[in-house]
Amino acid sequence: MSKEQLRENFYAQDVETVKNKFGVTADGLSEVEAKKRFEEYGANALEEGETKTLLQKFFDQFKDFMILVLLAAAFISGALGELSDAFIILIVVVLNAALGVFQEAKAEEAINALRQMASPMARVKRGGSVVSIKSEDIVPGDLVLLEAGDVVPADLRLIEANSLKVEEAALTGESVPVEKEMILVEDDAPLGDRVNLAFSSTNVTYGRGAGVVIGTGMNTEVGHIANMLANAEESKTPLQENQDQLGKSLTVLILAIAAIMFVVGLLNGRDWLEMLLTSISVAVAAIPEGLPAITTIILALGTQKMAKRNALVRKLPAVETLGGTEVICSDKTGTLTMNQMTVEKVYYNGQIHDVSDDISLSIPVMKVMNFANDTEISNDGRLIGDPTETAMIQFGIDKGLKLKEELVKEPRVAEVPFESDRKLMSTIHEQATGNYFVATKGAPDELLKRCTHIDVNGEVREMTDADRESILDANHSLAVQALRVLAMAYKFVDAVPATMDSASVEHDLVYAGMIGMIDPERPEAAAAIATAKGAGIRTIMITGDHRDTAQAIATRLGIIEEGQSGAVLTGAELNEQSEEEFARNVEKYSVYARVSPEHKVRIVKAWQNHGKVVSMTGDGVNDAPSLKTADIGVGMGITGTEVSKGASDMVLADDNFQTIVVAVEEGRKVFANIQKAVQFLLSANLGEVLSLFVATFLGWTILEPVHILWINLVTDTFPAIALGLEDAEADIMEQKPRGRSSNFFSNGVGGAIIYQGILEGAITLFVYWWGSSNPMLEHTGELAHMDAETMAFITLGMIQLFHAYNSKSVYKSIFQVGIFSNKTLVYATILSAVLLLGVILTPVLNTFFGVSQLTGLQWAVSVGSAFAIVPIVEIVKAIQRAMGKK
Ligand code: ATP
């Protein structure tokens, strides 16, 4: 618990007073002071809800329906005097509860690790420099900088607000962003009216600002209502929910079968006690109690694998959905390209110049691009900011511009920040002469609309249609070279406009020129797009850039073919289509240019209209709605705003498109592996039920309850988990996406479970029949029966272990997949075999388990028949492959 923090009406006190109280200067706290305060006040984090103890977790497992049935079975067996049966069932129950605890721990560990990696960052000023630190490390008195897209990391008293707007719905329920102001507020003002404060966990939607931290952790407004915040993501995945449902239905079905067996056995004249115990054992064996835990473990391991490959999954269901992805919508800048901009061309006075040309420092293009620019130059000369802007500053530096000196002469006094909707930004600079210089830069088409004049060789005159045309021509010729083009304009005004918005600032501008910047494609992007294509996944490129630039880059990346301009749609064209029209046409378009974030929601919905599983990337604060609408919202770890990351299902640690494709591959693998475990477990259970069910009808007792229970205990869980660790099948990215409606019985798994279960049952019955017809020479009566039972025991147990290898692939031969490719499976099956056969090979256990020593031939028939499942399934698979199944 942190020490009591200062809590006062800071909103009613002026900035200097607040700063003094917290002992902070314009340079922020020193690192030493910050460290001291961290120790005093603790981490800036909300306290976690109650965490369960291990014991609580263990007992929680006993709430499961399947487990309750097992407990009842143990109780009945015990009451009937069958202590060994009761004991084995209890081992099953305890082992299973332990597995449950293990899976919870695994899942928790995975989620915590992911939370840790995706933990929000904040920018603070410490010791005079701006640093990015974990929000957790913020202390009272820290100077926090805010900009659009940030999540406010603590409660702040603002000391600066430039058009700062904050959405405080989490706190006040008011979804319209509040404009923050630097005015003093009445002492008794309600929370929503304290406009000079910014509250922890609210979202900055516009503008910039800075503030002093007045409260951290639990001592914030949101800390007081901490329970309101759902921070833990513990929702079950659709697969897990399906599985819970399946588990319940199977349990009921199996209980019914067991009841029928009991009745039929009695009618056949069997001892009721023996028959009751047999029915109970069948129920125990056939209920797939380990399945939910195994699924969660496989999912949790999947998230860890993905994290190693830079894909941080924030919600468990995403692992599963990812594998089903059919359309990947990706931003261009930074995801498909490097976001490393370099100025290549400059256009002014009607001519395109190369950067290497002799370019004068006094041209207005140069001034505007350096003035209307938020890049920060650190003390050691590094450029910090948006690559589009740092490129311009770099260009100025290369040409010898002394920007800092210029800005002392003409300081910035106001600004209209950049917005991707508007595609422009402006700053206003005070002149020595008393008037003001307005610098505006942005997308040429947008800027041109706001220009009335043009500057040619220092002479300003009205802009003609011919001027516009030649500017657009120049823009086109730069854009088709895949260059990002930005235009610059300026004007002089007598006073700073009363309201700082686009309408009052960005009009009647003087056009100055343009620059063309190259942003190279990521070297691995084209290959990743090709891989996705091979996997039946469509890549859609979305960009705020010009149509020609977008088309040129998309062509280079292989998203569209040379000259395929019909596949490119601009935001303006999209606006002209109705929802229905667009939904009908959406499959035609692969590239969207000059779009705004709100277009992304329409794109996602149109694809979802076609039943597709859509993933969408986003980085800005306005991308949050589309990230939430998409089946998989993909946030950017490096350049993404905290708000966009919070809205995502998965965050790319490296912002790289290729990582999405890699994650899809992992997702496919996880799904396939869960299917393998399901196939293995359910076919084994079916085999057990069928052999015993049919035997009861034939009047045979092929296994004692203790045998059934032991087989279930030692052969089920270990191989199933091991199957979850299988490598991806080599052609996993050559198959079509599995689509929205698939479940774990899809793609042939359901059919495989049934025929393989029948096969297991039939082979076991055959071995029992053979064993009772060919007992050991000296054995008769009860002893001969014991021989046959022992053989059935070996066969039913071993058949499952052999079958685990069949389950490595639904249609592929194990020789194609590699028999020993999964070491864990090899060890798991060896362990299971030792536990199974040890019962027969260890003399003391013989009597307890009621098994006999077999002859070589009996061993050979038992193990050989069990092994037969491998060649038989291989033949079936070969036939299926010949019939075109993949
Ligand atoms: P993506 O390709 O990932 O959608 P983008 O960078 O192309 O991202 P935005 O950042 O929304 O998209 O930019 C849209 C347009 O706005 C750009 O093409 C450019 O013309 C203009 N623009 C971008 N950054 C700035 C900036 N800092 N100042 C002024 N205009 C900008």
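Located above this text is the structure these notes cover.
It should be emphasised that the depicted structure is a prediction, and the values quoted were computed from it without experimental measurement.

Rules behind the numbers
- Once a new chain begins, its residue numbering starts again from 1 and follows that chain's sequence as written.
- Where totals are concerned, whole chains, interfaces and linings use all residues; where local detail is concerned, this predicted model gives features only for residues with pLDDT of at least 70, and gives and counts side-chain atom pairs only at 80 or more.
- Hydrogens are left out, water is left out, and the side-chain values use all remaining heavy atoms of the structure.
- By definition, any uninterrupted DSSP run of H or I lasting at least four residues is a helix, any uninterrupted run of E lasting at least two residues is a strand, and each is numbered from the N terminus.
- Working definition: with a 1.4 Å probe on protein chains only, accessible area under 20% of the residue-type maximum means buried, over 50% means exposed, and in between means partly exposed.
- Contacts are assigned to residue pairs with any non-hydrogen atoms lying within 4.5 Å of each other.
- In short, Shrake-Rupley with a 1.4 Å probe defines the accessible areas, and a residue's cover is counted only from the protein chains shown.
- When charges are counted, Lys and Arg are positive and Asp and Glu negative, with His and the chain ends excluded.
- Taken as the charge location is NZ of Lys, CZ of Arg, CG of Asp or CD of Glu.
- Whether two aromatic rings pair depends on their centres lying within 6.5 Å, for rings of Phe, Tyr and Trp, where Trp uses its six-membered ring; planes under 30 degrees apart make the pair stacked, over 60 edge-to-face, and the rest tilted.
- A positively charged side chain is recorded as over a ring if its NZ (Lys) or CZ (Arg) lies within 6 Å of the ring centre. The angle to the ring normal must also be within 35 degrees.
- Throughout this description, the term salt bridge denotes a Lys or Arg side-chain nitrogen within 4 Å of a carboxyl oxygen of Asp or Glu.
- Surface patches are drawn from residues lacking salt bridges whose relative accessible area is over 30%; two like charges belong together within 9 Å, two nonpolar side chains (Val, Leu, Ile, Met, Phe, Trp, Tyr) within 5 Å.

Caption draft 1: Fine view of the overall build of the protein chain. Helix and strand counts for the protein chain come out as 34 helices and 26 strands. With the C-alpha coordinates of the protein chain rotated into their principal frame, the extents come out at 120 × 65 × 45 Å. For the protein chain, the residues scored as buried account for 56% of the 886 residues in total. Residue pairs at least 24 apart in sequence account for 72% of intrachain contacts in the protein chain once pairs closer than 6 positions are excluded. If you sum the accessible surface of the protein chain, you get close to 36400 Å²; carbon and sulfur atoms cover 57% of it. A gap of 3 Å separates the mean positions of the 74 positive and 113 negative side-chain charges of the protein chain.

Caption draft 2: Spotlight on the packing of aromatic side chains. Inspection of the entire model under this criterion finds 17 aromatic pairs. Between Phe-10 and Phe-22, the ring centres sit 5.3 Å apart and the planes meet at 50°, which makes this aromatic pair tilted. Note that Phe-10 is positioned in the segment before helix H1 (15–21) and Phe-22 in the loop between H1 and helix H2 (31–41), a separation of 12 residues in sequence. Judged by relative accessible area, which is 2%, Phe-10 ranks as buried. When the ring of Tyr-589 is compared with that of Tyr-592, the centres are 6.2 Å apart and the planes differ by 70°; the resulting orientation is edge-to-face. By way of ring pairs, the aromatic residues Phe-371, Phe-437, Tyr-490 and Phe-492 are connected into one cluster. In this structure, Arg-738 packs its charged tip against the face of Phe-671, placed 3.7 Å from the ring centre.

Caption draft 3: Representation of the pattern of salt bridges within the structure. Taken as a whole and judged by the stated rule, the model has 38 salt bridges. Residue Glu-274 pairs with Arg-270 through a salt bridge whose shortest N-O separation is 3.1 Å. Judged by its relative accessible area of 27%, Glu-274 falls in the partly exposed class. Here Lys-812 makes a salt bridge to Asp-731, at a shortest N to O gap of 2.9 Å. Of this pair, Lys-812 sits in the loop between helix H29 (781–806) and helix H30 (814–817) while Asp-731 sits in the loop between helix H27 (717–723) and helix H28 (749–773); the two residues are 81 residues apart in sequence, bridging distant segments of the chain. The pair Lys-812 / Asp-731 is uniform in exposure class, with both members buried.

Caption draft 4: Layout of a nonpolar patch on the surface. Together, Leu-95, Phe-718, Leu-831 and Leu-835 line one region of the surface with nonpolar side chains, adding up to about 300 Å² of accessible area. Tracing the backbone shows Leu-831 in helix H31 (residues 823–841). Classification of Leu-831 as partly exposed rests on a relative accessible area of 41%.

Caption draft 5: Main features of the environment of Val-651. On the secondary structure map, Val-651 appears in strand E26 (residues 650–652). With relative accessibility at 2%, the residue Val-651 sits in the buried group. Expressed as a C-alpha distance, the spacing of Val-651 and Leu-312, which sit 339 residues apart in the sequence, is 5.0 Å.

Caption draft 6: View of unusual backbone geometry. Even without being a glycine, Asn-310 presents a positive backbone phi close to 75°. Looking at the secondary structure, you find Asn-310 in the loop between helix H10 (291–308) and strand E8 (311–313). Using a relative accessible area of 31% as the deciding quantity, one classes Asn-310 as partly exposed. Its identity as a non-glycine residue notwithstanding, Ala-482 has a phi of 65°, on the positive side. If you trace the backbone, Ala-482 turns up in the loop between helix H16 (465–479) and strand E19 (483–493). Classification of Ala-482 as buried rests on a relative accessible area of 4%.

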